[in-house]
Amino acid sequence: MPAVTDTRSSLTTLTLSVFLAIMVGWLLMVGKSLLIPIMIAVMSVYVIATSSRAMARWPVTRRLPEFLRKVLLGLAFIGILAALNWVVIVTARDLVALGPAYQANIERMIAQGFGLFGLEENPDWNAISEVVFGRVDMTAFIGGLAGSVGSMVGVLVLAVVYAVFLAAEATGFSRKLAVAVPDREQALRTQGMIEAINARIGDYLAVKTLINVVVGSLSWVVLSLFGVDHALFWALMIGILNYIPYFGSLIAVAFPVLMAMVQFGSIQMALGVAACLTAVNMWVGNWLEPRMIGGRVNMSPFVVVAALSFWTTLWGVAGAILAVPMTSTLAIILASFPQGRPFAVLLANDVSEYERPVVRPEAG
């Protein structure tokens, strides 16, 4: 009988866990318009708090009060978003105006390609070209792309509002925790879990942001030297998409390469832009990023790819950008409880930190 009871209990627990996972997934999908700005706001607060601690170590800013440092960083963040919004508006306006010229370059390149293979007089190939390429509307495509980027900027503006209120309430969180969890041992364990999340996620996001500024700046230099239109806009896109591990840099490079192709009507020029941007991203991804980030986010590559697939399916590009910090947060929470510790080990890339015995905080 005890064996039967244990089996029923395990089956009940498994069924409830599956049901809970399905419900959480449904809520994440239905509520993404509300949750995405909130999650971006939380990540922004992490970056501001970590940057403020870094400024406390700099000779020029270490004498400033912590509140003033956070205010300066918050104003800088708002200023960056305002500048990004302005760049998007200007770029969308100019790209739509130049759409017909870009489409003419594409048609000329197609005609040159047919001429290279002696197909310009072939009626079958001309019919295929008309069906496949003749219906391409560069103006509509550019307008749709600019609209997508503009909606992303709108989400970021809403995230700024949330971030301001989150930062204002962060100072009183310790008192709220003490009142909410009267048991001292449980309160200390919860506080330790929160501090671990703050340290790991805050450091990762702050360093990753700095790396993205570097890769965006170098990309802007490359695009400016080649004379690609709206180099600043494409460099900003490269910096933002570089938050996506592994695939973000590949996606980011594709857009300015296509821009160079339709602008100059030259495959050779596009290949030159692609080679230089790829070299920049390879240097950052293979040399700079491993040295600066190191093991701040302890997740196996397979888990990172799986997390990217999961969060991208739920929340699109925003989910891909937030996949690593959210999954790392989940791993820290799982590691804080005996029942979730095995799952945290499976998510980790380096299990040495889990080989040490867990030290329980002692109540004073």
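Here's the deal with the overall build of the protein
The secondary structure content of the protein amounts to 13 helices and zero strands. Taken from the N to the C terminus, the helices and strands of the protein come in the order α-α-α-α-α-α-α-α-α-α-α-α-α. Sorting the 364 residues of the protein into buried and exposed places 38% on the buried side. Approximately 21,100 Å² of the protein is accessible, and the part contributed by carbon and sulfur atoms is 71%.

Regarding unusual backbone geometry
Negative phi is the rule for most residues except glycine; trans is the rule for most peptide bonds. One non-glycine residue, histidine 230, lies in positive phi territory at about 55 degrees. Among the structural elements, histidine 230 can be located in the loop between α7 (184-226) and α8 (231-241).

Here's the deal with α7
Residues spaced three or four apart along an α-helix point in a common direction, a consequence of the helix completing one turn every 3.6 residues. The end-to-end C-alpha separation of α7 is 62 Å, in line with the 63 Å expected for 43 residues at 1.5 Å each. Note on α7: the residue one or two positions beyond its end, glycine 227, has a positive phi of about 80 degrees.

Topic: the nonpolar core
Trp311 and Trp315 are the most contacted members of the largest nonpolar core, which totals 71 residues. Counting residues per element, the ones that place at least two in this core are α2 (32-55), α3 (66-116), α5 (138-169), α7, α8, α9 (248-264), α10 (267-293) and α11 (301-335). A per-element tally of this core places α11 first, with 16 residues. Apart from residues no more than four positions distant in its own chain, tryptophan 315 is found in contact with Leu28, Lys32, Leu35, Ile36, Met39, Leu322 and Met326.

Describing the side chain of threonine 327
Topologically, threonine 327 is positioned in helix α11. A distance of 2.7 Å separates a polar atom in the side chain of threonine 327 from the backbone oxygen of alanine 323. If near-sequence neighbours (up to four positions away) are discounted, threonine 327 is found in contact with Met299, Val303, Ala307 and Trp311.

Overview of the packing of α7 against α10
Helix-helix packing is described using two parameters, namely the angle between the two axes and the distance between the axes. Closest axis-to-axis distance for the α7/α10 pair is 10 Å, and the angle between their directions is 160 degrees. Taken together, the axes of α7 and α10 lie roughly antiparallel to each other. As for how α7 packs across α10, the hand of that crossing is right-handed. Here the residues of the contact of α7 with α10 are counted per class, giving 20 nonpolar, three polar and two charged.

A closer look at the packing of α9 against α10
Contact geometry for α9 and α10: axes closest at 8 Å, N-to-C directions at 155 degrees. The angle between the axes of α9 and α10 places the two elements in the roughly antiparallel class. Judged by the sense of rotation from one axis to the other, the crossing of α9 with α10 is right-handed. Across the interface between the two elements, Ser249, Val253, Pro256, Val257, Ala260, Met261 and Phe264 of α9 pack against Met269, Ala270, Val273, Ala274, Leu277, Thr278 and Asn281 of α10. Across the contact of α9 with α10, the residue classes break down as eleven nonpolar, three polar and no charged.

Some thoughts on a nonpolar patch on the surface
On the surface, a cluster of nonpolar side chains totalling about 910 Å² of accessible area is made up of Phe67, Leu68, Val71, Leu72, Leu75, Ile78, Leu158, Val161, Val164 and Phe165. Listed by contribution, the elements that provide at least two residues to the nonpolar patch are α3 and α5. Considering every element that reaches the nonpolar patch, the biggest residue donor is α3, with six residues. Here leucine 68 is to be found in helix α3. Accessibility expressed as a relative area gives 34% for leucine 68, which makes it partly exposed.

Here's the deal with the pattern of salt bridges
Scanning all chains against the criterion turns up one salt bridge. Where lysine 208 meets glutamate 289, a salt bridge forms, and the shortest distance between an N and an O atom there is 2.9 Å. Of this pair, lysine 208 sits in helix α7 while glutamate 289 sits in helix α10, and the two are 81 residues apart along the sequence.

What to know about the environment of serine 300
Inspection of the secondary structure puts serine 300 in the loop between α10 and α11. Judged by its relative accessible area of 13%, serine 300 is buried. When the C-alpha positions of serine 300 and alanine 348 are compared, they lie 5.4 Å apart, and in sequence the two are 48 residues distant. Contact partners of serine 300, with chain neighbours within four places excluded, come to Leu347, Ala348 and Asn349.

Quick notes on the confidence of the model for the protein
Residues of the protein with pLDDT of at least 70 account for 77%, and the chain-wide mean is 76. The least confident element of the protein, judged by mean pLDDT, is helix α4 (residues 123-132) at 50; the most confident is α8 at 89. Between residues 358-364, whose pLDDT stays under 50, and residues either more than four places distant or in other chains, the model counts ten contacts.

Conventions we followed
- Residues numbered from 1 in each chain as written.
- Predicted model: local features only at pLDDT ≥ 70, side-chain atom pairs only at ≥ 80, totals over all residues.
- Heavy atoms only, no water.
- Helix = DSSP H or I, 4+ residues; strand = E, 2+ residues; numbered from the N terminus.
- Buried < 20%, exposed > 50% of the residue type's maximum accessible area, 1.4 Å probe, protein only.
- Areas by Shrake-Rupley, 256 points an atom, 1.4 Å probe, with all protein chains shown as cover.
- Expected span 1.5 Å × (residues − 1).
- Core = buried A, V, L, I, M, F, W, Y, C linked by side-chain atoms within 4.5 Å.
- Contact = heavy atoms within 4.5 Å.
- Polar contact = N/O pair within 3.5 Å; in protein donor to acceptor, adjacent residues only side chain to side chain.
- Axes fitted to C-alpha atoms, helices over the stretch in contact; angles between N-to-C directions.
- Parallel < 35°, antiparallel > 145°, perpendicular 65-115°, else oblique.
- Left-handed = near helix turned anticlockwise from the far one by under 90°.
- Nonpolar A, V, L, I, M, F, W, Y, C, P; charged D, E, K, R; others polar.
- Patch = residues over 30% accessible without salt bridge, like charges linked within 9 Å, V, L, I, M, F, W, Y side chains within 5 Å.
- Salt bridge = Lys/Arg side-chain N within 4 Å of Asp/Glu carboxyl O.
- pLDDT = per-residue confidence, 0-100.

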